[in-house]
Amino acid sequence: MKYQEVKNYINGQFVSDNNTRIDVDSPLTGTVISTVPLSIYADVDSAVKAAKKAFPVWSGMTSKSRSQILYKYRQIIEENVESLATIVHEENGKTMAEATAEVLKSMELTEFACSIPQIAVGEVLEVSMGVECRTEYAPLGVVASISPFNFPHMVPHWTVPNALGMGNCVILKPSEIAPITATKMAEMLKQAGLPDGVFNIVNGAKDVVEAICDHPDIKAVSFVGSTPVAQIVYRRATSNLKRCLALGGAKNHLIVLPDANLELSASDIAASMCGSAGQRCMAASVMIAVGNVNPIIDKLCVETSKFIPGTKMPPIISPKSRENLIDYINEAEKKGAKLLVDGRKFSGDENANPNGYYLGPTIIDWRNAETKMPDREVFGPIFEIISAKSVEEAISIQKESPFGNAASAFTQNGGIAKMIAQNASAGMIGINIGVPVPREPFSFGGWNSSKYGVGDITGKSSLEFWSQLKKVTSKWAKQEITDWMS
Ligand code: NAD
């Protein structure tokens, strides 16, 4: 195996266990590169005990001293971008360019956490003569973060640096499909000077997630993954009286008008739908064509066909996922949808290993199909086209989607773009942008069944999620004038 077996990381040590192990295979080659344990409640309990023990010291440090460790950690990531990106590339399959961009984004997220002493400063006011009210951010205690396969480095960095910076001790449950990158987080945080027990990793699947939701000493749970699992986690964690933020799946609509810039729109949409083989919750999923946008669709087909599996287009995460995507395409064809680009027929370039789980980009045109496009998430390099007679109709179609992660407008008309931005039911809006991910310090989070819970997963609202406010009212001298507060 290319990588050592993945172990849980508890109290600053990688620990062995007797749990069942499953293979971690690389989608690039289909070969086993490591194994990962399917941990159980007892492993979560050990991690919680270590985290609880570490909490008084970590939470007792000033936020400035905690951020010094995060600065060092950010520096260590910077020194290791290539080796981190190589692991992401090998365990997730995304291209080296995409993996490098992911690691750089993790650095940006860590930079935000480094600025916590500048942002989370509390407030103070003399509310009546000699009486002062002050608020300060207090950590929650032991908290947990559960992540998906598609961003094995970035998604844990949405949560872990902010949670640590706010003074919490963290348990990370990486995706069992891509768990190797997280082990490097543990090593690098330790190298940066993070005290043992402050950051822990428990690997596994459903049992670990359920243990996290049930453990009485875990105060808050963040989750990123598919909507059905986000619902399970949100229900289970909140029924156990925990704070929970659970981000789910997506089907992102792009409202495209005939006046949209032909070159820019076509290349942007192609990059959005094909990047990471469409396995991004912000990927372009559906075009709502308003009027005649055929020139843009024609150009999009040309641009999309450049994403030949191999160098430019990564594989799908697993043979099962690829099979599901092919089933979806077959089903659409049976229902009379037209395949403008057919990913089943692509062969890869010289960099596509024949045993890799590759699938070419596909464009499905539902405009003359017998049935409507299904509203479920597809999560692959499949882009679908439907139509609307007016912008108003396009907005109402977008609003009917159960999801609400992102929506975009492609037009040169500022008034129409503004109307779409104001009325679309999605948390993140793009105007002439196919992947409208807000950069730090702006926060990331969708609406509807793309997110359960209050606030967003990054930015300032993340700092609120990972903390609680303490309000202190004080008076040091007897007052001449008395009122109800005296
Ligand atoms: P997933 O839902 O299968 O898994 C996510 C996590 O949940 C993993 O750690 C997994 O071990 C755990 N899990 C899986 N099944 C479970 C169950 N039945 N009970 C408890 N835990 C379970 O998601 P995935 O396939 O790893 O990732 C892809 C999904 O994540 C897509 O739906 C994508 O849209 C979504 N995603 C969303 C965002 C966002 O910001 N909204 C970001 C990235 C990915």
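In this text, all values refer to a predicted model and were calculated from it rather than measured experimentally.

### Digging into the site of the ligand
Turning to step 1, where the next piece is worked out: In the vicinity of the ligand, 27 residues are found, and the nearest of them are Lys173, Glu176, Ser226, Gly248 and Glu377.
Turning to step 2, where the next piece is worked out: Within the backbone of Phe149, a nitrogen or oxygen atom sits 3.1 Å from an oxygen atom of the ligand.
Turning to step 3, where the next piece is worked out: Take Gly225: an N or O atom from its main chain is 3.3 Å from an oxygen atom of the ligand.
Turning to step 4, where the next piece is worked out: Burial of the ligand by the surrounding chains reaches 88%, relative to a free accessible area of 840 Å².
Turning to step 5, where the next piece is worked out: Those elements giving two or more residues to the shell around the ligand turn out to be helix 8 (206–214) and strand 10 (218–224).
Turning to step 6, where the next piece is worked out: Along the lines of polarity and charge, the residues of the shell around the ligand split into 15 nonpolar, eight polar and four charged.

### Let's talk about the packing of aromatic side chains
We describe a pair of aromatic rings using the distance from one ring centre to the other and the angle between the two ring planes.
Turning to step 1, where the next piece is worked out: Inspection of the entire model under this criterion finds six aromatic pairs.
Turning to step 2, where the next piece is worked out: Between the aromatic rings of Tyr9 and Phe199, the centroid separation amounts to 6.5 Å while the plane-to-plane angle is 45°, which identifies the pairing as tilted. Note that Tyr9 is positioned in strand 1 (residues 8–10) and Phe199 in strand 9 (residues 199–201), a separation of 190 residues in sequence.
Turning to step 3, where the next piece is worked out: The class of Phe199 is buried, set by a relative accessible area of 1%.
Turning to step 4, where the next piece is worked out: Ring geometry for Phe465 versus Trp466: centroids 4.8 Å apart, planes at 80°, classification edge-to-face. When sorted by exposure, Phe465 lands in the same class as Trp466, which is buried.
Turning to step 5, where the next piece is worked out: Here a set of aromatic residues connected by ring pairs shows up, and it is made of Tyr9, Phe14 and Phe199.

### Some points on the pairing of strand 13 (residues 284–290)
In summary, the side chains of a regular strand alternate between the two faces of the sheet.
Turning to step 1, where the next piece is worked out: Counting buried positions along strand 13 yields seven of seven residues, so the element is predominantly enclosed.
Turning to step 2, where the next piece is worked out: As paired elements, strand 12 (residues 252–256) and strand 13 share five bridges and run parallel to each other. The partner of Ile255 across the bridge, within strand 13, is Ile288.
Turning to step 3, where the next piece is worked out: With respect to chirality, the unit in which strand 12 leads through helix 10 (residues 262–274) into the neighbouring parallel strand 13 is right-handed.

### Observations regarding the domain arrangement of the protein chain
Turning to step 1, where the next piece is worked out: Per the domain assignment, the segments making up the protein chain are domain 1 (8–248 + 450–472) and domain 2 (252–431).
Turning to step 2, where the next piece is worked out: Domain 1 puts 18 residues into the contact, and the matching count from domain 2 is 22 residues.
Turning to step 3, where the next piece is worked out: Of the roughly 1,500 Å² buried between domain 1 and domain 2, counting both surfaces, carbon and sulfur atoms make up 58%.
Turning to step 4, where the next piece is worked out: The largest per-residue losses of area from domain 1 upon contact with domain 2 belong to Pro27, Phe149 and Ser450, which jointly make up 32% of the total buried on that side.
Turning to step 5, where the next piece is worked out: If you look at where domain 1 meets domain 2, you find zero salt bridges.
Turning to step 6, where the next piece is worked out: Of the residues belonging to the side of domain 1 that touches domain 2, the class tally is five nonpolar, nine polar and four charged.

### Digging into the environment of Ser59
Turning to step 1, where the next piece is worked out: You can see Ser59 is positioned in helix 1 (residues 41–60).
Turning to step 2, where the next piece is worked out: Separated by 139 residues in the primary sequence, Ser59 and Val198 place their C-alpha atoms 9.7 Å from one another.
Turning to step 3, where the next piece is worked out: If we skip the residues at most four places from it in the chain, Ser59 touches Arg66, Pro139 and Gly167.

### Description of the packing of helix 3 (residues 81–92) against helix 7 (residues 180–191)
Turning to step 1, where the next piece is worked out: Where helix 3 meets helix 7, the axes come as close as 8 Å, and the angle between the chain directions of the two elements is 160°. When the axes of helix 3 and helix 7 are compared, the pair comes out roughly antiparallel. Counted together, Leu84, Ile87, Val88 and Glu91 of helix 3 and Ile180, Thr181, Lys184 and Met188 of helix 7 form the full contact between these two elements.
Turning to step 2, where the next piece is worked out: Its residues assigned to classes, the contact of helix 3 with helix 7 comprises five nonpolar, one polar and two charged.

### Structural notes on the environment of Pro258
Turning to step 1, where the next piece is worked out: With respect to the helices and strands, the residue Pro258 is situated in the loop between strand 12 and helix 10.
Turning to step 2, where the next piece is worked out: Residue class for Pro258 comes out partly exposed when judged on its relative accessible area of 48%.
Turning to step 3, where the next piece is worked out: When near neighbours in sequence (up to four residues on either side) are disregarded, Pro258 contacts Val290, Asn292, Val293 and Ile296.

### What to know about the side chain of Ser276
Turning to step 1, where the next piece is worked out: Here Ser276 lies in the loop between helix 10 and strand 13.
Turning to step 2, where the next piece is worked out: For Ser276, a relative accessible area of 6% gives the class buried.
Turning to step 3, where the next piece is worked out: In this view, Ser276 contacts Lys94, Glu98 and Pro314; residues no more than four positions away in its chain are not counted.

### Notes on the side chain of Asn8
Turning to step 1, where the next piece is worked out: For Asn8, the position within the fold is in strand 1.
Turning to step 2, where the next piece is worked out: Filtering out sequence-adjacent residues up to four positions away, Asn8 remains in contact with Gln13, Phe14, Val15, Asp17, Pro37, Ser39, Asp43, Ile201, Val202 and Asn203.

### Section: the nonpolar core
Turning to step 1, where the next piece is worked out: Of all hydrophobic cores here, the largest spans 83 residues; its most connected members are Trp158, Phe199 and Ile218.
Turning to step 2, where the next piece is worked out: Judged by nonpolar contacts, the second largest core, of 51 residues, contains Leu254, Cys274, Ile395 and Ala409.

### Brief notes about unusual backbone geometry
Turning to step 1, where the next piece is worked out: Glu440 connects to Pro441 through a cis peptide bond whose omega is 10°.
Turning to step 2, where the next piece is worked out: Examined against the element boundaries, Pro441 turns out to sit in the loop between strand 18 (428–431) and strand 19 (451–452).
Turning to step 3, where the next piece is worked out: A positive phi angle, near 60°, is found at Phe379, a position not held by glycine.
Turning to step 4, where the next piece is worked out: Along the chain, the position of Phe379 falls in the loop between strand 15 (362–365) and strand 16 (382–388).

What counts as what
Residues numbered from 1 in each chain as written. Predicted model: local features only at pLDDT ≥ 70, side-chain atom pairs only at ≥ 80, totals over all residues. Heavy atoms only, no water. Near = heavy atom within 4 Å. Polar contact = N/O pair within 3.5 Å; in protein donor to acceptor, adjacent residues only side chain to side chain. Areas by Shrake-Rupley, 256 points an atom, 1.4 Å probe, with all protein chains shown as cover. Helix = DSSP H or I, 4+ residues; strand = E, 2+ residues; numbered from the N terminus. Nonpolar A, V, L, I, M, F, W, Y, C, P; charged D, E, K, R; others polar. Phe/Tyr/Trp six-rings, centres within 6.5 Å; stacked < 30°, edge-to-face > 60°. Buried < 20%, exposed > 50% of the residue type's maximum accessible area, 1.4 Å probe, protein only. Pairing = 2+ DSSP bridges. Right-handed = clockwise from strand over helix to strand, strands pointing away. Domains from an automatic or database assignment. Contact = heavy atoms within 4.5 Å. Buried area = accessible area lost by both parts, 1.4 Å probe. Salt bridge = Lys/Arg side-chain N within 4 Å of Asp/Glu carboxyl O. Axes fitted to C-alpha atoms, helices over the stretch in contact; angles between N-to-C directions. Parallel < 35°, antiparallel > 145°, perpendicular 65-115°, else oblique. Core = buried A, V, L, I, M, F, W, Y, C linked by side-chain atoms within 4.5 Å.

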